[in-house]
Structures are given as C-alpha cells and as structure tokens.
Amino acid sequence: MAFTDDVRADTAAAPTPAERVRTILATAGSLTLEADGFRCDLVGLHTTDPGPDGMLLRLNPPADSALAARVVCAPTGDLPVRLHLTDIAPVGVRDRVRARVTLIGWLAPEEAQPAPDRLVLGFDPAEALVVTAADGTGAGAGAGADPGAGAGTGTADVAVVDLEELAAAGPDPLAAQEAAMLLHLADSHRDAVDALTRLVDPAALHGVVRVHPLALDRHGLTLRLEHPRAHRDIRLPFAAPLADAAEAGMAVQTLLYAAQHCPRRRTHRGG
C-alpha cells in the first residue's frame, strides 16, 4: 500500500483484539448462547459496562425462561456456556460480516436482582476469541459460521484475547455513532469515498468495480475495494487517535485534503 507523506500506513494504528471484543459487545444487538446441547438466541438481553474494568457482560433473560431455569438448577451454581456475537457492517457490501466473537465461561445469578420478572446473570469469562476478516474473505469462515455470509479467497485472522487485557479495555469511542457516520458517508458523500481512493496504490485499484466505507474507529477509516469475485480492505489511518465521535468529521476531512494533494490523481469511478 502506498500513501502520500501526509497519510502513512501504520499497522499498529488499529483497535487491539481486546478493544474489538469490547466494541462488539457494546454494539451487538443479539448473541447466541450454547450450553451442553442447549442453544438459544438472545435479542436485546445483554448489557456490558463501557468503562475499563467494568463487568464484561450481563444477561437479563426472563425469570421463567429455559435459560434461567438451567442456570438456577446448575449443580455447581453456575452454568458453563459458549457465547457467539457477530459484527455486521452497516453498509451494504458483498460480505457484511466484519468479525465474530466467541466467549467461553460461566453464568451465575448476581446477588442484586432488581426485577422479579428478570434474572440478572453475570458472566465470568475463561476464554475470548475474535475472528476478523482478511482480504477476500469474511469472518464467517470460522466455526459456527453462517454459510450464506459470503466467501472469498483469503483466510480469516484469529486472535485469542488475553483476559487481563480484555478486562482493562473499553469499547471504541466512535462505536455508538459508527453505523450512522458510515451510512451518511456512503449515501451522501459518494464523491468523497471515490476521492479517498487516491490514497491507495493504483495497483490495488486495478479491476475494482465498487468502493465502500467499511469501518470507522478512533484510529482510522477502512475502505472495502470490491472486485468482481473478491475484495480487499484498505485501512487509511488518522494522524492521531480520536477522543470521541465529534472529531471524526475533521479527521476524514484531513484524509480528503491529503487525497486532493496526492500526486497520484487516479480516482475510482466504479458504482
């Protein structure tokens, strides 16, 4: 990848696996739970403390649910479970699965139970795994993947997350606004997305038919370059990490300024 002097590739300028897990936990609307032959999908029934060292995950199932009964009746007082969460790109790209998270640990009722119709369950993690998409492939390639999530030619990147790092990490500060900002960029600023391809090595644009904004975090913006039968993701790092979503507009404008002054004037023209 080639950049101008103003925009340089920096492989370190990206969320850590621990931050990625925390971000997905904070933004995912649902998760899948597996426990000794039992499986259920939980929609809108999990919470997580956003700050570092906060509770990683709580579940709030109905008190009369099958899950609540299994936890209450667990012989050891806690239930071994495996939790699956999926990070989906808000923009309509070919393969929208950006990452998958698997958490292994135990569920147990917390001491404080504020509502009689809900059972508050605390999650004690034993292992955390995040699978992220690599060029030409989706994170759906791992175990438990959705066969319809998309396929490509690359391999997924798998990271086992250190539990101490996970406990100390927080979600990305842009996480809550990322979807709205990406959709606004894709729907209302198509010319800006095309202009940003001037920061990409022209060789990487050969055969590209579409370019989409795929991800946005405090460290940078990721573009999805779609070829007829494959794709490649290119990361454009910001000059410095952002403190909050209010700084994102200026950071993207800085990238556009660099693109406008890039000696490589080639711009993607695909739809």
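Everything below is about the structure shown above.
This is a predicted model, so every value here is computed, not measured.

Here we look at the overall build of the protein
Okay, so step 1: Within the protein, the regular secondary structure consists of 6 helices and 11 strands.
Okay, so step 2: Of all 271 residues assigned to the protein, the portion counted as buried reaches 46%.
Okay, so step 3: About 13,200 Å² of surface is accessible on the protein, with carbon and sulfur atoms providing 53% of the total.

Quick word on the pairing of strand 5 (residues 79-88)
Okay, so step 1: Judged by which residues are buried, strand 5 turns out to be one-sided: Leu79, Val81, Leu83, Leu85 and Asp87 face inward and are buried, whereas Pro80, Arg82, His84, Thr86 and Ile88, on the alternate face, are not.
Okay, so step 2: Relative to strand 5, strand 1 (residues 30-35) runs antiparallel, the two being bridged by 3 bridges. Across the sheet, Glu34 pairs through a bridge with Arg82, a residue of strand 5.
Okay, so step 3: With 10 bridges connecting them, strand 5 and strand 6 (residues 97-109) associate as antiparallel partners. Following the sheet pairing, Thr86 is matched in strand 6 by Arg100.

Quick look at the nonpolar core
Grouped burial of nonpolar side chains is what soluble globular proteins tend to show.
Okay, so step 1: Of all hydrophobic cores here, the largest spans 35 residues; its most connected members are Leu33, Leu57, Leu59, Leu67, Leu103 and Leu107.
Okay, so step 2: For this core, the elements supplying multiple residues, two or more each, are helix 1 (17-27), strand 1, strand 2 (38-43), helix 2 (66-72), strand 5, strand 6 and strand 7 (121-132).
Okay, so step 3: Among all residues touching Leu67, those that are not within four sequence positions of it are Leu33, Phe38, Leu42, Leu59, Pro61, Leu79, Leu107 and Leu121.
Okay, so step 4: One finds Val208, Leu214, Leu225 and Leu256 within the second-largest nonpolar core, a separate group that totals 34 residues.

A word on helix 4 (residues 175-188)
Count 3.6 residues to each turn of an α-helix, and residues three or four apart come out pointing the same way.
Okay, so step 1: Here helix 4 spans 20 Å end to end across 14 residues, near enough to the 20 Å set by a 1.5 Å rise per residue.
Okay, so step 2: Turning to helix 4, its buried residues are Ala175, Glu178, Leu182, Leu185 and Ala186. The buried side chains of helix 4 occupy one side of the element, clustering within an arc of 90° when seen end-on. Among the exposed residues of helix 4, those oriented more than 90 degrees off its buried face are Ala176, Ala180 and Asp187.
Okay, so step 3: Next to the buried residues of helix 4 lie helix 1, strand 6, helix 5 (190-196), strand 9 (210-217) and strand 10 (220-226).

Details of the environment of His261
Okay, so step 1: One can find His261 in the segment after helix 6 (248-260).
Okay, so step 2: Sequence separation between His261 and Arg198 is 63 residues; the distance between their C-alpha atoms is 9.2 Å.
Okay, so step 3: A polar side-chain atom of His261 sits 2.8 Å from the main-chain carbonyl oxygen of Tyr257.

Details of the pattern of salt bridges
Okay, so step 1: Enumeration according to the criterion identifies 11 salt bridges in this entry.
Okay, so step 2: Across the salt bridge formed by Glu110 and Arg58, the nearest N and O atoms sit 2.9 Å from each other. Of this pair, Glu110 sits in the loop between strand 6 and strand 7 while Arg58 sits in strand 4 (residues 58-59), and the two are 52 residues apart along the sequence.
Okay, so step 3: A residue is classified by how much of its surface remains accessible, and Glu110, at 21% relative accessible area, is partly exposed.
Okay, so step 4: Arg98 is paired through a salt bridge with Asp87; the nearest N and O atoms lie 3.0 Å apart. Linking Arg98 in strand 6 with Asp87 in strand 5, this pair joins segments that are 11 residues apart in sequence.
Okay, so step 5: Owing to a relative accessible area of 9%, Asp87 belongs among the buried residues under this scheme.

Let's talk about the sheet that holds strand 11 (residues 231-237)
In sheet architecture, strand pairing relies on hydrogen bonds along the backbone and comes in two forms, parallel and antiparallel.
Okay, so step 1: Spatial strand order, 9-10-11: 3 strands in an open sheet with antiparallel pairing. Looking along the sheet, the strands with just one partner apiece sit at the ends: strand 9 and strand 11. Taking each pair of neighbouring strands and ignoring which way they run, the sheet shows an average axis angle of 25°.
Okay, so step 2: Across the sheet, helix 4 lies against strand 9 and strand 10, angled at about 155° from strand 9, the strand it touches most.

Conventions adopted
Residues numbered from 1 in each chain as written. Predicted model: local features only at pLDDT ≥ 70, side-chain atom pairs only at ≥ 80, totals over all residues. Heavy atoms only, no water. Helix = DSSP H or I, 4+ residues; strand = E, 2+ residues; numbered from the N terminus. Buried < 20%, exposed > 50% of the residue type's maximum accessible area, 1.4 Å probe, protein only. Areas by Shrake-Rupley, 256 points an atom, 1.4 Å probe, with all protein chains shown as cover. Pairing = 2+ DSSP bridges. Core = buried A, V, L, I, M, F, W, Y, C linked by side-chain atoms within 4.5 Å. Contact = heavy atoms within 4.5 Å. Expected span 1.5 Å × (residues − 1). Arc of directions from axis to C-beta. Polar contact = N/O pair within 3.5 Å; in protein donor to acceptor, adjacent residues only side chain to side chain. Salt bridge = Lys/Arg side-chain N within 4 Å of Asp/Glu carboxyl O. Axes fitted to C-alpha atoms, helices over the stretch in contact; angles between N-to-C directions.

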